[in-house]
Amino acid sequence: LALLLGCASLASCGNPCAAPNATLADGSTVPENETCVEGPGISDGASCTPRCPAGSQATERVLRCVDGALSPDAFACRPCDAGARGWAWYRFLPLRLRGGGAPPGRRA
């Protein structure tokens, strides 16, 4: 029955996924309730669109929830290349939003 439902086992079939871990360039982490655009809980079969602070971009485009496990299970937020086409606005952001200071929501 589990295989007919697309699950590895009946025990894991339909289990939601917890939000993934996300690491910033300075080694700190993004709070789990802020890592997915869709929110902290991802339904089985649904996707998580990674969210990073302003001035950074996720190493993964999408994470998928299958049988209670995300694939991939984590992502990182890397600084945007201010010289790359389309990112010229980035150099006008305050330094703290560009990864040069405390992450958004924290005081330096």
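All figures in this text were calculated on a predicted structure; none of them were measured in a lab. (Residues numbered from 1 in each chain as written. Predicted model: local features only at pLDDT ≥ 70, side-chain atom pairs only at ≥ 80, totals over all residues. Heavy atoms only, no water.)

Draft legend 1. Broad picture of the overall build of the protein. Counting secondary structure elements, the protein contains one helix and nine strands. Overall, the protein shows an N-to-C arrangement of helices and strands of α-β-β-β-β-β-β-β-β-β. By sequence separation, contacts in the protein at least 24 residues apart represent 40% of the contacts at least 6 residues apart. Of the roughly 6800 Å² of accessible surface on the protein, a fraction of 54% belongs to carbon and sulfur atoms. (Helix = DSSP H or I, 4+ residues; strand = E, 2+ residues; numbered from the N terminus. Contact = heavy atoms within 4.5 Å. Areas by Shrake-Rupley, 256 points an atom, 1.4 Å probe, with all protein chains shown as cover.)

Draft legend 2. Focus on the nonpolar core. Among the nonpolar cores identified, the biggest contains 13 residues, and I42, F75 and C77 are the most heavily contacted of them. Among the elements of the structure, β2 (21–24), β7 (63–66) and β9 (74–79) are those that each provide at least two residues to this core. Non-local contacts of F75, meaning those with residues more than four positions away in its chain, are made with P20, N21, A22, T23, T35, P50, R51, C52, A58, T59, E60 and L63. (Core = buried A, V, L, I, M, F, W, Y, C linked by side-chain atoms within 4.5 Å. Buried < 20%, exposed > 50% of the residue type's maximum accessible area, 1.4 Å probe, protein only.)

Draft legend 3. Quick look at unusual backbone geometry. Of note, the bond from S71 into P72 is cis; its omega dihedral lies within 30 degrees of zero at -10°. The backbone of D67 sits at a positive phi, close to 55°, despite the residue not being glycine. Mapped onto the fold, D67 is located in the loop between β7 and β8 (69–71). A relative accessible area of 16% means that D67 is categorised as buried.

Draft legend 4. Inspection of the pairing of β9 at higher detail. As judged from the four bridges shared by β2 and β9, these two strands associate in the parallel manner. What sits directly across from T23, in β9, is A76. (Pairing = 2+ DSSP bridges.)

Draft legend 5. View of the sheet that holds strand β3 (residues 29–30). One open sheet accounts for four strands, arranged β3-β2-β9-β6; its pairing is mixed. Single-partner strands in this sheet number two, and they are β3 and β6 (56–58). Pairing between β6 and β9: three bridges, direction antiparallel. Across the sheet, residue Q57 finds its bridge partner in β9, namely R78.

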